[in-house]
Amino acid sequence: MFFHSVNLWNLAFYVFMVFLATLGLWDVFFGFEENKCSMSYMFEYPEYQKIELPKKLAKRYPAYELYLYGEGSYAEEHKILPLTGIPVLFLPGNAGSYKQVRSIGSIALRKAEDIDFKYHFDFFSVNFNEELVALYGGSLQKQTKFVHECIKTILKLYKGQEFAPKSVAIIGHSMGGLVARALLTLKNFKHDLINLLITQATPHVAPVMPLDRFITDFYTTVNNYWILNARHINLTTLSVAGGFRDYQVRSGLTFLPKLSHHTSALSVVSSAVPKTWVSTDHLSIVWCKQLQLTTVRAFFDLIDADTKQITQNSKKKLSVLNHHFIRHPSKHFEENPAIISDLTGTSMWVPVKVSKWTYVAYNESEKIYFTFPLENHRKIYTHVYCQSTMLDTNSWIFACINSTSMCLQGVDLSWKAELLPTIKYLTLRLQDYPSLSHLVVYVPSVHGSKFVVDCEFFKKEKRYVQLPVTHLFSFGLSSRKVVLNTNGLYYNLELLNFGQIYQAFKINVVSKCSAVKEEITNIYRLHIPWSYEDSLTIAQAPSSTEISLKLHIAQPENDTHVALFKMYTSSDCRYEVTVKTSFSQILGQVVRFHGGALPAYVISNILLAYRGQLYSLFSTGCCLEYAAMLDKEAKPYKVDPFVIIIKFLLGYKWFKELWDVLLLPELDAVILTSQSMCFPLISLILFLFGTCTAYWSGLLSSASVRLLSSLWLALKRPSELPKDIKMISPDLPFLTIVLIIVSWTTCGALAILLSYLYYVFKVVHLQASLTTFKNSQPVNPKHSRRSEKKSNHHKDSSIHHLRLSANDAEDSLRMHSTVINLLTWIVLLSMPSLIYWLKNLRYYFKLNPDPCKPLAFILIPTMAILGNTYTVSIKSSKLLKTTSQFPLPLAVGVIAFGSAHLYRLPCFVFIPLLLHALCNFM
């Protein structure tokens, strides 16, 4: 029956949209590199010592606890307080466990053992009872206040010690990082209680799914405070994102706001972190061995030798984090590194005058200094590039100032080098160093190990190649290619016109090498200058390597940098680089950045179809099929132009002032623009996806009602169509009052769910009655319709004594199916708070605060009345025409104000439902 109202072209369109959505979803959930994180293991059995909290505090927060992590002898020793180490507090995120601290805690303990416990860290962890704070924001403020009390309790554990800490470092995973930032918003919180904040996969910019107003209000409070008080916040903060493997929290949400006067914040993607170079999913970011090793190294470099605690020097803290997380020169961190180094000792000095040079070191018996005179090279070349496969932390490249052939002291250029997985390299622009006379490469004496050092001088125009990317709408049918034939070690491809999040490409690098005996390793690196989101690919040559290119952060408007594709290659190979648009990855970016707004577009489409049904009932006296109305009424031009016009007018001061006077909320499109998330035609694309989803959800609801009615008939004796229509049955007021009491005393979402089930039951009962009637008394449809019209002309003035025909029942079922579709989305959007309430039922019987309680008070009686509503009882209502006009502006409002604030959607839905219910009485 449902399919009969849809023509084949529309059905083909809905199937095609499902195919496109599948491509996008596949890219989000599977279109990334394999998990290259190594698992971190404990060497001894992990123990979690519960820290006793003051009785008042434990009574106020019965679901929360504080633990100290330990292993083996360390755990036994620290059961006797006080403590003597450096406190670090771990805050788990949404549904996170306090036991997630074990990975970094264990690695830090091993590091302390290596230095004979000269310094050591004490890792504490908060048990938030695995609360679902990403789904329900009502407990975020409570968690924040509890963490404040935990910090004060932790510091008391060190009281009386010689080097007692005055502050703690915090590691926050997911929403735990946001709770840590929220500490600064507390009135009685002292900022100097935190000396360092590291967040892992924390959505700082906005919530992943804004499912209630408590989450968005919490975000607004935290972000506004950090922006307005940036000059006074001296907290060094590092935010680490997981990259494309983390499909729960996209990396663009983890980047802290860049404020010109607040330079103590760094944001980086794990794939760009030196010595990590891997993308992590949302959970593995807390146990990824490569990342945790980097974090622990940074912690130990942050220690002040005088206080035996984390340094209070903000400049040093930022330098350490830059060294370990942004750019690693393959040297141990030094706060004040020696720029001038002595080049003395019994060493051999070998002059090199060629422009391209390679040296293979193996079992070298003495040290060698290779010197490259720069005077002649400056006349021909613009840059010099050197690389070494020896990845130790010693200085390896220097420069002489005004020397003839050798120098006793040289400028240590090793600090300007950069570490990659298989090499460390240095690139210098010669004109930036006019006083340097010689470049010096140092090869130490080695025994049993082999490494290669390469250097070459080159002209910029030969190695810096421009590669314009293909057009967005080329759909991968066209490509751009560049051939690199200069036998170079290094190429820098400038990816012109690549800077938007809706762009996605595939780069194919083909390497063709001359006959070589040894394996050749190449490194391909996507470098994004405006954000630390680099990604590396290691490939063996000769080979063909395909690499995905897409962004987490769009290029800022005033930024003139160009995205770079850097190639660290072999002089024995030639390379062909081809770039083309990846349509499936573009769809993936649409889903990744805007998938959360889809419920708004689905509900907007259903409202338009609902409007069509109400209007057809008013104008023709019968309710048309949902699918036919969706095809007829759900058009993008009925919604999008209004949103675009409003956004345009908000650019004018007078209209913005009028908007503010009317106390209207900010337009969601404006918010998305401020976050650089506007795709071309994105609203149209989402509307079409919404139409498709609305169609299939309507099909599902209709099929579910038929299936449940069949089960009902199989389990219970067949019922008849109601002879008299009663809007308010004897048990209806009692049921409504009971559900309102349930909402008041427990959880609003629970009452909404129960009301929804009651409504579905009434519809299923009606469907079963109609099926029974049709099977027993087949009726001529034309005769039935004439009889229906006749009875409507002579009906009693009181609607409580109307008779229900089979055609009236079918019309009512069509309308009920659409209402069920709308109510299903309301129930789904209210489920998170219900899940949270059920999970914490042993601690709290009443959910407080409850985001669904106000909605429940209105929706419960509305659903109760609609469950007893039939089209025959409302088709002559004076309110029906007005009711049929409301869904259109509400469909516009859903897109304008609900796409980035999903908790507002039920407010737009219950209005037409309420008017629909009132049609029974007016």
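Criteria and thresholds
Residues numbered from 1 in each chain as written. Predicted model: local features only at pLDDT ≥ 70, side-chain atom pairs only at ≥ 80, totals over all residues. Heavy atoms only, no water. Domains from an automatic or database assignment. Buried area = accessible area lost by both parts, 1.4 Å probe. Salt bridge = Lys/Arg side-chain N within 4 Å of Asp/Glu carboxyl O. Polar contact = N/O pair within 3.5 Å; in protein donor to acceptor, adjacent residues only side chain to side chain. Helix = DSSP H or I, 4+ residues; strand = E, 2+ residues; numbered from the N terminus. Nonpolar A, V, L, I, M, F, W, Y, C, P; charged D, E, K, R; others polar. Buried < 20%, exposed > 50% of the residue type's maximum accessible area, 1.4 Å probe, protein only. Disulfide = S-S within 2.5 Å.

(A) Examining the domain arrangement of the protein more closely. For the protein, the assigned domains are domain 1 (46–326), domain 2 (340–461), domain 3 (463–591) and domain 4 (596–775 + 803–919). For domain 2 and domain 3, the distance between their C-alpha centroids amounts to 29 Å. Carbon and sulfur atoms make up 60% of the area that domain 2 and domain 3 hide from each other, which totals about 1400 Å². Taken together, the links from domain 2 to domain 3 amount to two salt bridges. Glu456 is paired through a salt bridge with Arg463; the nearest N and O atoms lie 2.5 Å apart. Our count for the contact surface shared by domain 2 and domain 3 stands at eight residue pairs in polar contact (both at pLDDT 80 or more). For the side of domain 2 that touches domain 3, the secondary structure elements donating two or more residues are β15 (383–388), β21 (450–458) and α11 (460–463). If one sorts the elements of the side of domain 2 that touches domain 3 by residue count, β21 sits on top with five residues. Its residues placed into classes, the side of domain 2 that touches domain 3 shows seven nonpolar, two polar and eight charged.

(B) Representation of unusual backbone geometry. Across the junction of Ala541 and Pro542, the peptide omega takes the value 0°, indicating a cis bond. In this fold, Pro542 is placed in the loop between β27 (535–541) and β28 (543–550). Cis peptide bonds are those with omega within 30 degrees of zero, and the linkage from Asn848 to Pro849 qualifies with 0°. Mapping Pro849 onto the fold places it in the loop between α22 (806–839) and α23 (853–866). Not every positive phi belongs to a glycine, and Ala95 is a case in point at roughly 60°. Residue position: Ala95 is located in the loop between β3 (86–91) and α4 (102–114). Residue classification places Ala95 among the partly exposed residues on the basis of a relative accessible area of 36%. The phi angle at Lys275 is positive, at roughly 70°, despite the residue not being glycine. Locating Lys275 in the fold gives a position in the loop between β8 (265–269) and α8 (289–301).

(C) Region of the structure containing the state of the cysteines. Under the defined criterion, the tally for this structure stands at four disulfides. The disulfide that involves Cys37 links it to Cys288, with 2.2 Å between the sulfurs. The S-S bond linking Cys37 to Cys288 shows a torsion near -90°; that makes this disulfide left-handed. Placement of the pair is Cys37 in the loop between α1 (8–30) and β1 (46–50) and Cys288 in the loop between β8 and α8, with a sequence separation of 251 residues. The pair Cys37 / Cys288 is uniform in exposure class, with both members buried. What pairs with Cys386 in a disulfide is Cys455, and their sulfur atoms sit 2.0 Å apart. Note on the Cys386 and Cys455 pair: the S-S dihedral is about 115°, so by sign convention the disulfide is right-handed. Of this pair, Cys386 sits in strand β15 while Cys455 sits in strand β21; the two residues are 69 residues apart in sequence, bridging distant segments of the chain. You can call Cys386 buried: its relative accessible area is 1%.

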